[in-house]
Amino acid sequence: CNNHSTAAMLLRAATTLVTLTCSGALLFSGRPVSVVGPRASTAADDLPPVTYAADVKADVEALTSESFLGQYEFEEKEDSEDIKTLLELRPGGTLVLGATDGIPFTKFQGRWEYADDTFVMELVREFDSFSTTRIFLGEIVQFDSTPPTVEGPIKLALKPADEKDRILEYKLPDDSVGYFIATKIPPVPLDI
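Below is a short write-up of the structure. Values in this document were obtained by computation on a predicted structure and should not be read as measured data.

Section: the overall build of the chain
Piece 1. Helix and strand content of the chain: one helix and eleven strands.
Piece 2. In the chain, the order of α-helices and β-strands from amino to carboxyl end is α-β-β-β-β-β-β-β-β-β-β-β.
Piece 3. Buried residues in the chain amount to 31% of all 192 residues.
Piece 4. A separation of at least 24 residues holds for 48% of the contacts in the chain among residues at least 6 apart in sequence.

The following block contains the structure:
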């Protein structure tokens, strides 16, 4: 028995038994077969539009600083690090950091503002032998009717800004050192 002739014979048999014609009719042994059930449509107009949460931007005209008050799961992605920290934004541009899965800080200070349709946060953290100053420039993403989820680049600042200056008045480098996502969550006890 030759493998090539067996394969050719099976191919001819399958072609003879079931043939799909150009008109879409299904034939079995040369006779039409009735297909029961709804027909699938491939017309693009029949498909619902696809939207992604990241593509649905918040109505920034409806947002105020008060819209941002509350607690967030604050995720920072910098180099190979992926750190989550509990963050609470408070009135007057103040903030509090809670538990973190990153390097434990010994002290922190920070402030935030929402101005010119941009969320901006300055965060200075001190560790045992060094300190870091980061600026977070956020774009607002709204997943449904409750604001907000904020995401954007992390910029390196050489030193904290003067507290009387607005954070956006910094001379920031063009390059980012990372990326952040802050997602609003229901309140949980701060572990500080």
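Some thoughts on the sheet that holds strand β4 (residues 70-78)
Piece 1. Pairing is antiparallel across the open sheet formed by eight strands, whose spatial order is β6-β5-β4-β11-β10-β9-β8-β7. Single-partner strands in this sheet number two, and they are β6 (95-100) and β7 (107-115). Strand-to-strand twist in this sheet, taken as the mean axis angle between neighbours without regard to direction, amounts to 25 degrees.

Details of the pairing of strand β8 (residues 118-126)
Piece 1. Burial analysis of β8 places seven of its nine residues in the buried class, which makes it a mostly covered element.
Piece 2. The pairing of β7 with β8 spans nine bridges and is classified as antiparallel. Along β8, the bridge assignment pairs Tyr114 with Phe119.
Piece 3. With antiparallel pairing between neighbouring strands as the criterion, β7 and β8 make up a hairpin whose turn holds two residues, including Asp116 at a positive phi of roughly 55 degrees.
Piece 4. Relative to strand β9 (residues 131-141), β8 is paired through eight bridges, and the arrangement is antiparallel. Within β9, the position partnered with Arg125 by the bridge is Thr132.

Some points on the nonpolar core
Piece 1. Among the nonpolar cores identified, the biggest contains 19 residues, and Phe68, Leu89, Phe119 and Met121 are the most heavily contacted of them.
Piece 2. At the level of secondary structure, the elements contributing two or more residues to this core comprise β4, β5 (81-89), β6, β7, β8, β9, β10 (149-156) and β11 (178-185).
Piece 3. When residues of this core are assigned to their parent elements, the largest contribution, three residues, is made by β8.

As for the packing of aromatic side chains
Piece 1. The final tally for this structure, using the stated rule, is nine aromatic pairs.
Piece 2. A ring pair is formed by Trp112 and Phe119, whose centres lie 6.0 Å apart and whose planes are at 25 degrees; its orientation type is stacked. There is no split in this pair, since Trp112 and Phe119 are both buried.
Piece 3. Here the aromatic rings of Phe127 and Phe130 are separated by 4.7 Å at their centres, their planes lie at 25 degrees, and the arrangement is stacked.
Piece 4. Taken together, the ring pairs in this structure connect Phe68, Trp112, Tyr114 and Phe119 into an aromatic cluster.

Describing the pattern of salt bridges
Piece 1. Within the structure shown, the criterion is met by six salt bridges.
Piece 2. For Arg125, the salt bridge identified is with Glu76, shortest N-O distance 2.7 Å. Pair noted here: Arg125 is in strand β8 and Glu76 is in strand β4, with a separation of 49 residues, a long-range link.
Piece 3. Residue classification places Arg125 among the buried positions, given a relative accessible area of 9%.
Piece 4. Among the ionic pairs, Glu122 bridges to Arg111, the shortest N-O distance being 3.0 Å. Of this pair, Glu122 sits in strand β8 while Arg111 sits in strand β7; the two residues are eleven residues apart in sequence, bridging distant segments of the chain.
Piece 5. Judged by its relative accessible area of 4%, Glu122 is buried.
Piece 6. Owing to a relative accessible area of 14%, Arg111 belongs among the buried residues under this scheme.

The rules we used
- Counting restarts for each chain, with residues numbered from 1 along the sequence as it is written.
- For a predicted model such as this one, the threshold for reporting local features is a pLDDT of at least 70, and the threshold for listing and counting side-chain atom pairs is 80 or more; totals across whole chains, interfaces and linings nevertheless cover every residue.
- The side-chain quantities take in all heavy atoms of the structure and omit both hydrogens and water.
- To qualify as a helix, a DSSP run of H or I must reach at least 4 residues; to qualify as a strand, a run of E must reach at least 2; elements of each kind are numbered from the N terminus.
- Each residue is placed in one exposure class: buried if its accessible area under a 1.4 Å probe, protein chains only, is under 20% of its type's maximum, exposed if it is over 50%, and partly exposed if it falls in between.
- Contact between two residues is taken to exist if any of their heavy atoms lie within 4.5 Å; hydrogens are not considered.
- Any two strands between which DSSP finds at least two bridges are classified as paired.
- The axes are straight lines fitted to the C-alpha atoms, using for helices just the contacting stretch, and the angles between their N-to-C directions are given from 0 to 180°.
- Definition of nonpolar core: a set of buried residues of the types Ala, Val, Leu, Ile, Met, Phe, Trp, Tyr and Cys, connected through side-chain atoms within 4.5 Å.
- Pairing of aromatic rings covers Phe, Tyr and Trp, the last through its six-membered ring, and needs centres within 6.5 Å; plane angles under 30 degrees mean stacked, over 60 mean edge-to-face, and all others mean tilted.
- Between Lys or Arg on one side and Asp or Glu on the other, a salt bridge is scored when a side-chain nitrogen of the former is within 4 Å of a carboxyl oxygen of the latter.

The values are spatial; any link to function lies outside them.
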